[in-house]
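# A closer look at the structure
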Amino acid sequence: MRDAAACEGARPGGLGLFSTDMKLTPEQEAVVARDLGPGEVLKVIAFAGTGKTTTLVRYALARPRTRFLYVAFNKSVQLEAAAKFPANVVCRTSHALAFARFGAKHRERLVSGFKANTVMQALELDGYEAAKFTIDTLMNYLVSADARVAKRHIPFACRQYFEALKRPMPDVVGLANRLGRLMCTAENPEIGMVHDGYLKLFQLSRPRLHYDCILLDEAQDITPVTAEVILSQPDTPKILVGDPNQQIYSFRGAQNSMARLKSTETLYLTGSFRFHAKIAAVANLVLKQFKDEKKKLRGLGIAATPTKKRRPENHHSAHQCQGLRRGGGPDQERQNGRVCRGARRVSLQPHSRRLSPLPAPTPPDSRPLYPQLSGLRRNGGLCAGG
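Read on for a plain summary of the structure. (Residues numbered from 1 in each chain as written. Predicted model: local features only at pLDDT ≥ 70, side-chain atom pairs only at ≥ 80, totals over all residues. Heavy atoms only, no water.)

A separate point is the pattern of salt bridges. Evaluation of the coordinates by the stated rule reveals 11 salt bridges. With its nearest N and O atoms 3.1 Å apart, the salt bridge here joins Glu-27 to Arg-298. Separated by 271 residues along the polypeptide, Glu-27 in helix α1 (residues 26–33) and Arg-298 in strand β10 (residues 298–299) bring together distant segments of the chain. Looking at Arg-298, the relative accessible area reads 36%, which means it is partly exposed. Beyond isolated ion pairs, a larger network of salt bridges with shared partners links Arg-34, Glu-40 and Glu-265. (Salt bridge = Lys/Arg side-chain N within 4 Å of Asp/Glu carboxyl O. Helix = DSSP H or I, 4+ residues; strand = E, 2+ residues; numbered from the N terminus. Buried < 20%, exposed > 50% of the residue type's maximum accessible area, 1.4 Å probe, protein only.)

Spelled out as structure tokens, the structure:
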């Protein structure tokens, strides 16, 4: 193993604001103490607020001469992790791993997605829907672990659409292949390279990641293409951390990798620092009912003592005066003023615990509050029938 000082992306100052003084739970200590052999996979099911990042940081600190790769599923998580982990851990997103080899050459062509109108023109299609389904098929392929575009990548809505119209479905697989070639070759300047495109090229190249151990965070939210890149490293030990109950990236093609991936051993973090035992009991009922969760979540937080807010002394006067100064003409305004002044005198009396009854305001005169609305009602306009 190489010295930590030679690690790529080493950060002077190491842990930043991260504290190593916090006492770990027995579950966290079991993870930190677990040494991995070549090719072993440790799966850690970490419920919400159970300190998974703290556990991974302490795992890396306990092995200062081991070169770790921490893979995050998005940029914000990666940046947050980079400020917490020691210098022997390189923090990257899967797209950052792929960018140097396959994304940089397309730097000027990178786009966030394809536009259906542009694809219609590039592929000479007749309808907007065919272009949209072609894009969806290609994107489904890009986030998959498959080597080729296949019929399983066609969205179900595509089949439904053409069946409803009683029209034959076009060769969407062939169209997606054509769009993918335009994306890679830059033959059409209107078709750029999407970020999932160069990640797919990286996966198809069967890369080798030269690290001693790989830490995969939020593993429940990784796409199959990322899982293939990580798990295809034959001799590198891996730690997959996540919570199947917190999957939020299924719209991006993410699958519940925590349930699908095989592991040498599975450990659990069930003690949550975010809430106390009563909230944990309610959470367990919800998880059991809707997720059929077998493990029990434990609340390690301290219940907050509710504090009673003190109302300001002039609360009652403000309440009584609210809304009394609107409309009604000069006579009504004078009456409103008398009511408000009387309310303030009562509320500001020293050592007064009970308020004397306020004088009831005299009914407003018969003139309408907003004369212009009366005309609308008479004419059957906006307020007619109100």
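Further remarks concern helix α9 (residues 195–204). Counting buried residues in α9 gives seven out of 10 residues, a clear majority hidden from the surface. Taken together, the buried positions of α9 are Asp-196, Gly-197, Tyr-198, Leu-199, Lys-200, Phe-202 and Gln-203. Tucked into the core, α9 has its buried residues touching α4 (94–103), β4 (110–111), α6 (128–142), α8 (172–185), β5 (193–194) and α10 (224–231). One or two steps after α9, the chain reaches Arg-206, where phi turns positive at roughly 55°. (Contact = heavy atoms within 4.5 Å.)

Here we take up the sheet that holds strand β6 (residues 213–216). Ordered in space as β3-β2-β6-β7-β1-β8, the six strands form an open sheet in which the pairing is parallel. Each edge of the open sheet is held by one strand with a lone partner, namely β3 (89–93) and β8 (265–269). Neighbour-to-neighbour, the strand axes of this sheet turn through a mean angle of 20°, independent of strand direction. As defined by bridge partners, strand β1 (residues 41–46) adjoins β8 across five bridges and the pair is classed as parallel. (Pairing = 2+ DSSP bridges. Axes fitted to C-alpha atoms, helices over the stretch in contact; angles between N-to-C directions.)

Now for the pairing of β1. Among the six residues that make up β1, six are buried, leaving the element largely enclosed by the rest of the structure. Both faces of β1 are covered, namely the face carrying Val-41, Lys-43 and Ile-45 and the face carrying Leu-42, Val-44 and Ala-46. Here five bridges tie β1 to strand β7 (residues 238–242), and the two strands are oriented parallel to one another. Looking at the pairing, Val-41 lines up with Lys-238 of β7.

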